[in-house]
Amino acid sequence: GIIWRGASGIVREATLTRRSGATEEVAAKMLAPGASEREVQNFAKEYELSLAAAQGCSGTCRIYGCVRIDGALCLVMKRYVGNLTQKMMARRDVSDAVGVRIALPLHEAHTYLLQIAQALAELHAIGICVRDLKPSNLLEDDFGRLVVADFGVAMLAGATLTSTASQTGSGVGTACYMAPEQHDSEEFGKVTPKADIWAWGCIAVEMLSGSVPWSGMRALEILGCVVNKKQTPQVPPG
């Protein structure tokens, strides 16, 4: 079955059979057959950065390799329990509407934020900027620890990037977690690992408030708040 749908592919359930005959349930991020040359190149780049991240940072998704299954290019990774979005969705009272996020207890949010910060410190130390850090890309392992996943739009620090989001509202990333420079690099300068710290702050606000930053707004509206009004997400009282 399908585990998750992302911007750069579909993640499906799969079974990895080792040479010894032992099997393990894994996740396979699939690029559909017939993908363009550019899409294949981007997928190959994602694999390389995912592998580098897994080797250089203990707080990232474990990668097993890249193979073809029924003609589809697949990035094979460890199967995780769930993600942070699902965890926040699950913490609702019977009186809450289905699918409504709620705030996490302070001690739990603190633990998770430290884990994410440590992973970012390690990733930035080896030159990787995630660029799309968000709760759905933070996976929970069997021991309750969060790891960073999905390097589909990640980049190496120092890469030259420009953004046309000031005209289109469609910069690279997820609008409600994007730093000002991701929305408009001409105004705020090139994208650096600092963009991940902005996203970390947005996730902190979401964990502690139970509300997605800029909730209910479209990408262009969020761009207006962040770029034109130079606003930051509202920090919960206390």
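Basis of the calculations
- Residues numbered from 1 in each chain as written.
- Predicted model: local features only at pLDDT ≥ 70, side-chain atom pairs only at ≥ 80, totals over all residues.
- Heavy atoms only, no water.
- Helix = DSSP H or I, 4+ residues; strand = E, 2+ residues; numbered from the N terminus.
- Contact = heavy atoms within 4.5 Å.
- Salt bridge = Lys/Arg side-chain N within 4 Å of Asp/Glu carboxyl O.
- Buried < 20%, exposed > 50% of the residue type's maximum accessible area, 1.4 Å probe, protein only.
- Pairing = 2+ DSSP bridges.
- Axes fitted to C-alpha atoms, helices over the stretch in contact; angles between N-to-C directions.
- Core = buried A, V, L, I, M, F, W, Y, C linked by side-chain atoms within 4.5 Å.
- pLDDT = per-residue confidence, 0-100.

### A look at the environment of Met207
Summarising the element assignment, Met207 is placed in helix α7 (residues 194–209). Distance in space between the C-alpha atoms of Met207 and Glu108 is 9.2 Å, their sequence separation being 99 residues. When residues no more than four places from it in sequence are discounted, the contact partners of Met207 are Leu84, Met88, Ala103, Leu104, Ala109, Tyr112, Leu113 and Ile116.

### Regarding the pattern of salt bridges
Pairing is possible between side chains that carry opposite charge, provided their charged atoms lie close to one another. For the structure shown, the criterion picks out seven salt bridges. The salt bridge involving Arg18 is made with Glu24; its shortest N-O contact spans 2.8 Å. When the shortest N-O distance is used, the salt bridge between Asp132 and Lys134 registers 3.6 Å. For Lys134, a relative accessible area of 18% gives the class buried. Ionic contacts of the salt-bridge type, sharing partners, join the residues Lys29, Glu46 and Asp150 into one network.

### Some words on the pairing of strand β5 (residues 72–78)
Within β5, seven of the seven residues are buried, which leaves it mostly tucked inside the rest of the structure. Pairing of strand β3 (residues 23–31) with β5 involves six bridges; the strand directions are antiparallel. Bridge pairing in β5 places Met30 opposite Cys74. With six bridges joining them, strand β4 (residues 63–69) and β5 adopt antiparallel strand pairing. The residue of β5 that forms the bridge with Arg68 is Leu73.

### Examining the sheet that holds strand β8 (residues 138–140)
Spatially, β6-β8-β9 is the arrangement adopted by the three strands of the open sheet, whose pairing is antiparallel. Every interior strand has two partners, whereas the edge strands, β6 (82–83) and β9 (146–148), have only one. Across three bridges, β8 lies against β9 in antiparallel orientation. In the sheet register, Glu140 faces β9, and the bridge partner there is Leu146. Docked against the sheet, helix α3 (residues 106–125) engages β8 and β9, running at close to 30 degrees with respect to β9.

### Here's the deal with the environment of Ser58
Examined against the element boundaries, Ser58 turns out to sit in the loop between α1 (37–56) and β4. On the accessibility criterion, Ser58 (47% relative accessible area) is partly exposed. Taking the C-alpha atoms as reference, Ser58 lies 8.2 Å from Val147; in sequence the two are 89 residues apart.

### Side note on the nonpolar core
Core analysis: the largest hydrophobic core is formed by 40 residues, its most contacted members being Leu84, Leu133, Phe151 and Met207. Those elements giving two or more residues to this core turn out to be α1, α2 (84–90), α3, β7 (128–129), β9, α7 and α8 (219–228). Aside from chain neighbours lying at most four places away, what touches Phe151 is Glu46, Leu49, Ser50, Ala53, Thr60, Leu123, Ile128 and Val130. Membership of the second largest hydrophobic core comes to 13 residues, among which are Ala27, Cys61, Val147 and Ala149.

### Overview of unusual backbone geometry
With a phi close to 70 degrees, Arg131 is a non-glycine residue in the positive phi region. By the element assignment, Arg131 lies in the loop between β7 and β8. Note on Arg131: relative accessible area 12%, which makes it buried.

### A word on the confidence of the model for the protein chain
The predicted model of the protein chain has a mean per-residue pLDDT of 87, with 88% of residues at 70 or higher. Element-level pLDDT for the protein chain is lowest in helix α4 (residues 165–168), with a mean of 43, against a maximum mean of 98 in β9. Throughout residues 161–170 the model reports pLDDT below 50, and contacts reaching past four residues in sequence, or to other chains, amount to 22 contacts.

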